[in-house]
Amino acid sequence: MKEETNYWKINNPTTGDEYIQLASELLKQGEVVAFPTETVYGLGADARNQEAVAKIFKAKGRPSDNPLIVHVANREQMKQYVTQIPDVAHRLIERFTPGPLTIILESNQTLAKNVTAGLSTVGIRIPDHPVALALLQACNLPLAAPSANQSGKPSPTTANHVYEDLNGRIAALLDGGPTSVGVESTVIDCTGEIPVILRPGGITKEDIESLIGPVMVDPGLADESLRPRSPGMKYTHYAPEVPLYLVQGDAQAIQNQIDAFQQKGKKVAVIVSKEYADQLVAPDIQMVGSRNHLEEVARHLYDALRHFKEQDFDVILCESFPYDGVGQAIMNRLTKAATKQIG
Ligand code: AMP
Ligand code: MG
């Protein structure tokens, strides 16, 4: 598509809103529309329409073997696309949806084949965002919606990020302000005996285990020699324009690295917590919140990764965060974004 993307700011997220209605019409006609969710911005299309779904892959440059998450408006609609909902999945749905949790279930094969990339399973979630919910209700369609970025780049957490990546490639973009969670949904496979976390995200392992007891974490997440069970986790992701080095250790360890790179004449950028920022002397520091409030770090992480442009810097040095709670998701994304781990 050559025309400019329609950019619509949503001030009143209800089904009757003029722009929600226009976006809903576009979706019914088989076009793709970007919209905010509580995790990141999504790029939606009618999940029953193979041609519409193909436009998502094309606009993003996404590999066709990477399945899409299907977004629905309510729990009733979740049942329409799966063969059955096991008891654990029921309990997760009751507690955590709407919310940043995607549940993998056996598909009943009623959705377009390219949504699930030929798998027998489908990932479904109910987003917890007024714009996303108003849009889903207005169009009354299941929306296949991956993150609305160019494949490989950090996911978009503002409408501006989407615009940067996809202007002219999609029919419309709904601006609902910055997203609140900032990292993608947790993906949990509930098709087996024991549920398996395939991607850490907005709902933590601790949250899940306090409800349903022990779950497994896909070993492929930690060990690069194993094939991850979530096809998308094998791709390079979240990559900033400037090489990112993930630094183990405290603020002093980061300062030592800053000094060493500067001595070699390198232009250094830094992504750190406010606790570390207070102790550092560096030319360009992006602060992502407190180490003691990792939700804050998650919310600001992708904007920080997108902040530095390749013409301005040689290297980004980034703090390593604790693996507690949403720290799992943060460190999963950072290790994937990193060229190297040092220190
Ligand atoms: P994105 O929507 O860009 O955040 O990516 C969706 C993630 O969910 C990717 O890592 C996909 O591989 C994963 N995913 C979606 N559907 C399935 C499925 N049926 N089985 C396993 N992983 C899935
Ligand atoms: Mg994505």
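See the structure printed just above.
The structure reproduced in this document is the subject of the present report. All values reported here derive from a predicted model rather than from experimental measurement. (Residues numbered from 1 in each chain as written. Chains lettered and ligands numbered in written order. Predicted model: local features only at pLDDT ≥ 70, side-chain atom pairs only at ≥ 80, totals over all residues. Heavy atoms only, no water.)

### Quick notes on the nonpolar core
Consideration 1: Counting 47 residues, the largest nonpolar core has L43, L92, I103, I188 and I208 as the members making the most contacts within it.
Consideration 2: Taken together, the elements giving at least two residues each to this core come down to strand 3 (41-46), helix 2 (50-60), helix 4 (87-96), strand 5 (101-106), strand 6 (121-125), helix 6 (159-166) and helix 7 (205-212).
Consideration 3: For this core, the element with the most residues is helix 2, which contributes five residues.
Consideration 4: Among residues more than four places away in sequence, those in contact with L92 are T97, L101, I103, I188, C190, I208, L211 and I212. (Core = buried A, V, L, I, M, F, W, Y, C linked by side-chain atoms within 4.5 Å. Buried < 20%, exposed > 50% of the residue type's maximum accessible area, 1.4 Å probe, protein only. Helix = DSSP H or I, 4+ residues; strand = E, 2+ residues; numbered from the N terminus. Contact = heavy atoms within 4.5 Å.)

### Section: the sheet that holds strand 2 (residues 33-36)
Consideration 1: Strand order in the open sheet formed by eleven strands is 1-8-2-3-7-4-6-5-9-10-11, with mixed pairing between adjacent strands. Every other strand in the sheet has two partners, leaving strand 1 (6-9) and strand 11 (216-217) as the edge strands with one partner each.
Consideration 2: Direction of pairing for strand 2 relative to strand 8 (residues 172-175): parallel, over a ladder of two bridges. Across the sheet, residue V33 finds its bridge partner in strand 8, namely A172.
Consideration 3: Where helix 5 (residues 130-139) meets the sheet, it contacts strand 2, strand 4 (69-71), strand 7 (143-144) and strand 8, and its direction lies at approximately 135° from that of strand 2. (Pairing = 2+ DSSP bridges. Axes fitted to C-alpha atoms, helices over the stretch in contact; angles between N-to-C directions.)

### Remarks on the pattern of salt bridges
Consideration 1: Using the criterion set out here, one finds 15 salt bridges in the structure.
Consideration 2: Notably, a salt bridge pairs R333 with E184, separated by 2.9 Å at the nearest N-O pair. With R333 in helix 11 (residues 327-337) and E184 in the loop between strand 8 and strand 9 (186-189), this pair connects stretches of sequence that are 149 residues apart. Exposure class is identical for R333 and E184. Each is buried.
Consideration 3: Three or more residues joined by partner-sharing salt bridges are found here, namely K153, E164, D165 and R306. (Salt bridge = Lys/Arg side-chain N within 4 Å of Asp/Glu carboxyl O.)

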